[in-house]
Amino acid sequence: MTSNHDDQEYYLAQLEQERHTIDNLDAVLVHTLAERFRCTQRVGRLKAEAKLPPADPQREARQVQRLRAKAEESGLDPEFAEKFLNFIIKEVIHHHEAIRKEQQN
Ligand SMILES: C=C(O[C@@H]1C=C(C(=O)O)C=C[C@H]1O)C(=O)O
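Every value quoted in this text rests on a predicted model; they were computed, and no experiment measured them.

**Student:** So what exactly am I meant to see when it comes to the UniProt feature "domain: Chorismate mutase" (unreviewed entry) in the protein chain here?
**Tutor:** UniProt marks residues 9-100 with the feature "domain: Chorismate mutase" (unreviewed entry), using the numbering shown here. Structurally, residues 9-100 is divided into 89% helix and 0% strand, and its ends, taken at the C-alpha atoms, are 57 Å apart.

**Student:** So what exactly am I meant to see when it comes to helix 2 (residues 57-74) here?
**Tutor:** Quick reminder: α-helices carry 3.6 residues per turn. Residues three or four places apart thus point the same way. Helix length check: helix 2 (18 residues) gives 25 Å between terminal C-alpha atoms against 26 Å at 1.5 Å per residue, within 8%. Taken together, the buried positions of helix 2 are occupied by Gln-63, Val-64, Arg-68 and Ala-71. One side of helix 2 carries all its buried residues, which in axial view fall inside an arc of 135°. Exposed and oriented more than 90 degrees from the buried face of helix 2 are Gln-58, Arg-62, Gln-65 and Glu-73. Remark: Gly-75 follows helix 2 within two positions and exhibits a positive phi of approximately 85°.

**Student:** How should the side chain of Thr-40 be read in this particular structure?
**Tutor:** Summarising the element assignment, Thr-40 is placed in helix 1 (residues 2-49). The exposure class assigned to Thr-40 is buried, which follows from its relative accessible area of 13%. A distance of 3.1 Å separates a polar side-chain atom of Thr-40 from the backbone oxygen of Phe-37. With residues near it in sequence (within four places) discarded, Thr-40 still touches Val-92 and His-96.

Reading the values: the criteria
Residues numbered from 1 in each chain as written. Predicted model: local features only at pLDDT ≥ 70, side-chain atom pairs only at ≥ 80, totals over all residues. Heavy atoms only, no water. UniProt positions renumbered as here; feature names shortened; annotations may be inferred. Helix = DSSP H or I, 4+ residues; strand = E, 2+ residues; numbered from the N terminus. Expected span 1.5 Å × (residues − 1). Buried < 20%, exposed > 50% of the residue type's maximum accessible area, 1.4 Å probe, protein only. Arc of directions from axis to C-beta. Polar contact = N/O pair within 3.5 Å; in protein donor to acceptor, adjacent residues only side chain to side chain. Contact = heavy atoms within 4.5 Å.

Below is the structure:
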């Protein structure tokens, strides 16, 4: 009984420690994404001023290859890395289209 109770405390302490690390990493992810979107907003304004299209499929393909390789190196599923990057890029392109429309008005 006592040993079960002790085990439970041990597991709960481990769980709390791991969740603390997850919280820190989630904060890093949010800060990193915020910086990336600040940067892509600047790119969107530059492209609108230069009359370049919002999407650049060749750049996207290079980014996907680069990220897939990095994912493999670090033990992350490259399929997941690609899906995640495409999800972000889709949002960026929406922003760039909105910037372009604003500039046209
Ligand atoms: C940010 C850009 O705009 C778009 C978004 C990209 C991205 O989020 O990585 C990449 C290519 C473009 O489709 C860019 O052209 O660099």
